[in-house]
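# Notes for the structure review
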Amino acid sequence: MSDPKILVLATGGTIAGMAGSATRADYAPGQIGIEQFLSSARALKLDAQFTGVQIANIGSEDMGPDVWAALHRHCLAALEADEFDGVIITHGTDTAEETAFLLDMTLPTNKPVVLVGAMRPADAVGYDGLRNFANAVRVASNPEAAGRGVLVVMSDRVHAARDVRKSRTRGTEAFRGFPRESVGLVTPSALEWFGAPWRVGEDARFVFEADLPDVPILLIHAGMTADYVTRLVTNQTRGVVVAGAGEGNMPEAVRRALAGLAADGMPVVRASRLDEGLVDREPEDDENRFVAGRALTPQKARILLQLLIASGVTDPASIQMEFDGR
Ligand code: SIN
């Protein structure tokens, strides 16, 4: 059997970063080009053939609609072409979960799509980028990866886009999943799935749009007044996600201000600012016309709400059904 053919889309991040010394703490992400990266990867003699495309070379704090549109276009073409068996996206770790979730919602699941990053730059002692990449190759070469949606591979674990979150600023074990911790274990020589694929043969759940509606996130904190809502919401705003305290809670004055917006037709989703935040519906949500974000982080709840509003879904009951289904 011939080696699987993998399209590698490079966007930058620490996996392509350089410090200029093996021990320096500060470094610049997005310094190495895809051909230089792939020549190091080819030296590992992995059982795969690579085609590299440089989509961007940025720190992922600058990730946004233009790069997302290019990634989506290249992924879709590769999923439709006989030429490729899977796609790997090299990405900064800071916003990898958002890119993974957006692509997860807008791509069909007929071939593996895997995001991978690194916590240490390429010239640092203990660079984790090549090991993570070798693991990603094993996952992207496995046809069973396809029916699990977009995946994120970091530190020998495979995470589903819905669950994955960056939870640490230091160390290579920086990612975790919630509510599912991870969906598989991987090394360069072995891959073990925890259970069967759950999205086999699914079409894209939403049409991809680069120009998504304006949906800000309101981070709740002690001492917050209703003014914070007025300062956040502009004429452009089409919905609001609350990164609430505990189970999506907020001060009474903020609740009243947001309930006023919801009464006028603005979708409001309650998520949690906690790393393991699970927000269920409470009786007051009916009266407030709020939506419970369930297990999605505020940043993923924002993407789902943007996709829903862009596809014309704006009433709280229909939005709630979509959040319940994720
Ligand atoms: C980034 O997200 O681009 C910087 C941090 C990283 O990749 O680890």
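Residues numbered from 1 in each chain as written. Predicted model: local features only at pLDDT ≥ 70, side-chain atom pairs only at ≥ 80, totals over all residues. Heavy atoms only, no water.

### A closer look at the site of the ligand
Short version of the rule: Nearness of a residue to a molecule or strand requires only that one of the residue's heavy atoms be within 4 Å of it. Each polar contact in these results corresponds to two N or O atoms within 3.5 Å; when the atoms are within protein, one needs to be able to donate a hydrogen and the other to accept it, and residues that are neighboring in sequence are counted only if both atoms are side-chain atoms. Residue burial considers only the protein chains on display, and all accessible areas are found by Shrake-Rupley using a 1.4 Å probe.
The local shell around the ligand consists of G13, T14, G59, S60, G92, T93, D94 and A118. In this structure, an oxygen atom belonging to the ligand sits 2.6 Å away from a side-chain N or O atom of S60. Between D94 and the ligand, the recorded distance is 2.9 Å, taken from a backbone N or O atom to an oxygen atom. For the ligand, the protein covers 94% of the area, taking 250 Å² as the surface of the free molecule.

### Notes on the sheet that holds strand β4 (residues 113-116)
Stated precisely, the cut-off is as follows: Only strands that DSSP links by at least two bridges are regarded as paired with each other. The secondary structure listing takes helices from DSSP runs of H or I that are at least 4 residues long and strands from runs of E that are at least 2 residues long, numbered from the N terminus. Fitted lines through C-alpha atoms serve as axes, helices being fitted only where they are in contact, and the angles separating the N-to-C directions of these axes extend from 0 to 180 degrees. Any two residues whose heavy atoms approach within 4.5 Å are treated as being in contact.
In space, the 8 strands of this open sheet follow the order β2-β1-β3-β4-β5-β6-β9-β10, with mixed pairing throughout. Edge positions in the sheet fall to β2 (49-58) and β10 (190-193), since each has one partner strand and no second. Ignoring strand direction, the axes of neighbouring strands in this sheet form an average angle of 25°. Here 4 bridges tie strand β3 (residues 86-90) to β4, and the two strands are oriented parallel to one another. Its bridge partner lying in β4, I89 is registered against L115. Across the face of the sheet, helix α1 (residues 34-42) comes into contact with β1 (5-12), β2 and β3 while running at roughly 140° to β2. Along the sheet, helix α4 (residues 129-140) contacts β1, β2, β3, β4, β5 (151-154), β6 (157-160), β9 (184-187) and β10; its crossing angle with β3, the most-contacted strand, is approximately 155°.

### A closer look at the domain arrangement of the protein chain
Going by this rule: Domain start and stop points were drawn from an automatic or database domain assignment. A quick way to say it: buried area is the sum, across both parts, of accessible area lost when two parts are put together, with a 1.4 Å probe. Salt bridge, as used here, is a side-chain nitrogen of Lys or Arg placed within 4 Å of a carboxyl oxygen of Asp or Glu.
Parsing the protein chain into structural domains produces domain 1 (5-193) and domain 2 (217-324). Listed as interface residues are 15 residues of domain 1 and, on the opposing side, 12 residues of domain 2. Taken over both partners, the interface formed by domain 1 and domain 2 buries close to 1200 Å², and the fraction arising from carbon and sulfur atoms is 64%. Looking at the side of domain 1 facing domain 2, the largest losses of area belong to F101, R165 and F178, adding up to 43% of the total buried there. Linking domain 1 to domain 2 there are 1 salt bridge. In this structure, R176 engages E276 in a salt bridge whose closest nitrogen and oxygen atoms are separated by 2.4 Å. If you look at where domain 1 meets domain 2, you find 7 residue pairs in polar contact (both at pLDDT 80 or more). Of all elements in the fold, only α3 (96-106) and β7 (164-166) reach the threshold of two or more residues within the side of domain 1 that touches domain 2. It is α3 that contributes the most residues to the side of domain 1 that touches domain 2, 6 residues altogether.

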